[in-house]
Amino acid sequence: MSFWDDLWRGLRGSGGHFESGSAATNAIALTKRHPVVSLSKQGAATSNLRVNLSWRMRTSDIEGRSRQSGLLRHPFKMFKPDVVQAHTRGVVNVDLDIGCLYELTDGAKGVVQPLGGFFGNLNAPPYVKLSGDDRFGSPSGETLYVNLDHRESIKRLLVFVYIYDQTPAFDRTHAKVTLYPSNGPRIEIELDERAPQARSCAVVSLENVKGELMVRREVKFVYGFQAELDRMYGWGLHWGRGYKTKVGGGR
């Protein structure tokens, strides 16, 4: 019976507890209990910081619960892979975008995002660059780059995620933002809180505090878009309606 005891313990305790870096995961998970990490203290306040958004669609909660109960009745199903389903009424197709509000030490403020074609610049202000726009949830997702060699010019950054097609469906995605510093473990922030009507989420902030670069988990969902995030964090920008370029078009 020891095999089954171990199996049930594994099923009950499978929700990870990796809140700090380890050799096994080489990752730091920012959580409510441990929301802050210093890039400076881990020697990662130089070179390019890569910030990646990835997501995949999930089916309804009912299907998830039925699978869990099915595992209890038929434990060997855990070794059988899930059937990949096409986008149906049970799976919402959603277009998540990553963006970044920036404030520089000289007072300059703005946004880097696909809407409006504000893709930024890596080697000139704002020292933030969006690599592209993934509209289909590919494994590579979307990526922002931050040039930390110009960290003395950066006062604060706020990385956010929003739903372009205006369909509130954050609760139907497994979304994660991962920071890849130049040194040390990667930093992961899961968008795992349920906010079915939210259209935007402030995910993580990067702030220069007395010369030390601090990364803080935010994960604050709002029902509006960038203007509401602006008001929440006091950026003071003027917002208008923006559009994306056509798929395959110039950027």
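Residues numbered from 1 in each chain as written. Predicted model: local features only at pLDDT ≥ 70, side-chain atom pairs only at ≥ 80, totals over all residues. Heavy atoms only, no water.

### A short note on empty space enclosed by the protein
In plain terms, the rule: Here the term cavity refers to a set of points on a 1 Å grid, laid over the protein atoms alone, in which a 1.4 Å probe fits but cannot get out; the term pocket refers to an open set having protein on both sides within 12 Å along at least five of seven lines, with lining residues being those that place an atom within 4 Å of a point. Grid points are joined across faces, edges and corners, and a volume is the space filled by probe spheres set on the points. Counting from the N terminus, the helices are DSSP H or I runs at least four residues long and the strands are E runs at least two residues long. Residues are sorted three ways: Asp, Glu, Lys and Arg are charged, Ala, Val, Leu, Ile, Met, Phe, Trp, Tyr, Cys and Pro are nonpolar, and all the rest, Gly among them, are polar.
Taken as a whole and assessed by the stated rule, the structure comprises one cavity of 30 Å³ or more. Roughly 70 Å³ of internal volume is contained in the largest cavity. Lining of the largest cavity is provided by Leu49, Val51, Cys100, Val146, Leu157, Val159, Leu179, Val204, Ser205, Leu206 and Val215. Of all the elements in the fold, those that place two or more residues in the lining of the largest cavity are strand 3 (48–57), strand 9 (154–163) and strand 12 (200–209). At three residues, the largest contribution of residues to the lining of the largest cavity is made by strand 12. Grouping the constituent residues of the lining of the largest cavity by class yields 10 nonpolar, one polar and no charged.

### Observations concerning the sheet that holds strand 13 (residues 212–222)
Across a sheet, paired strands are connected by hydrogen bonds in the backbone, their directions being either parallel or antiparallel. Selection rule: When DSSP locates at least two bridges between a pair of strands, those strands are taken to pair. Each axis is a line fitted through C-alpha atoms, taken for helices only over the stretch in contact, and angles between the N-to-C directions span 0 to 180 degrees. Note on definitions: a residue-residue contact is assigned when non-hydrogen atoms from the two residues lie within 4.5 Å.
In space, the six strands of this open sheet follow the order 2-13-12-9-4-5, with antiparallel pairing throughout. A strand with exactly one partner marks an edge of an open sheet, and here the two such strands are strand 2 (36–38) and strand 5 (109–112). Strand-to-strand twist of the sheet, defined as the mean angle between neighbouring strand axes without regard to direction, takes the value 20 degrees. Bridge analysis of strand 4 (residues 96–104) against strand 5 gives four bridges, and the strand direction is antiparallel. Opposite leucine 101, over in strand 5, you have valine 111 as the bridge partner. Sheet strands in contact with helix 3 (residues 226–233) are strand 4, strand 9, strand 12 and strand 13, and its direction is about 125 degrees off that of strand 13.

### Looking at the pattern of salt bridges
This is how the line gets drawn: Salt bridges are identified by distance alone: a Lys or Arg side-chain nitrogen within 4 Å of an Asp or Glu carboxyl oxygen. Classification of residues uses two cut-offs on accessible area relative to the type maximum, computed with a 1.4 Å probe and protein chains only: under 20% is buried, over 50% is exposed, and between them is partly exposed.
Scanning the entire structure with this criterion turns up five salt bridges. In this structure, glutamate 218 and lysine 220 form a salt bridge, with 3.8 Å as the shortest nitrogen-oxygen distance. Taking the relative accessible area as the measure of exposure, glutamate 218 reaches 11% and is therefore buried. Lysine 220 gets classed as partly exposed once you look at its relative accessible area, which sits at 38%. Linked through salt bridges whose partners overlap, the residues forming this network are Glu103, Lys155 and Arg156.

### Some remarks on the environment of aspartate 230
Its place among the elements puts aspartate 230 in helix 3. Taking the C-alpha atoms as reference points, aspartate 230 and leucine 101, 129 residues apart in sequence, are found 8.2 Å from one another.

This is a description of form; function is not addressed.
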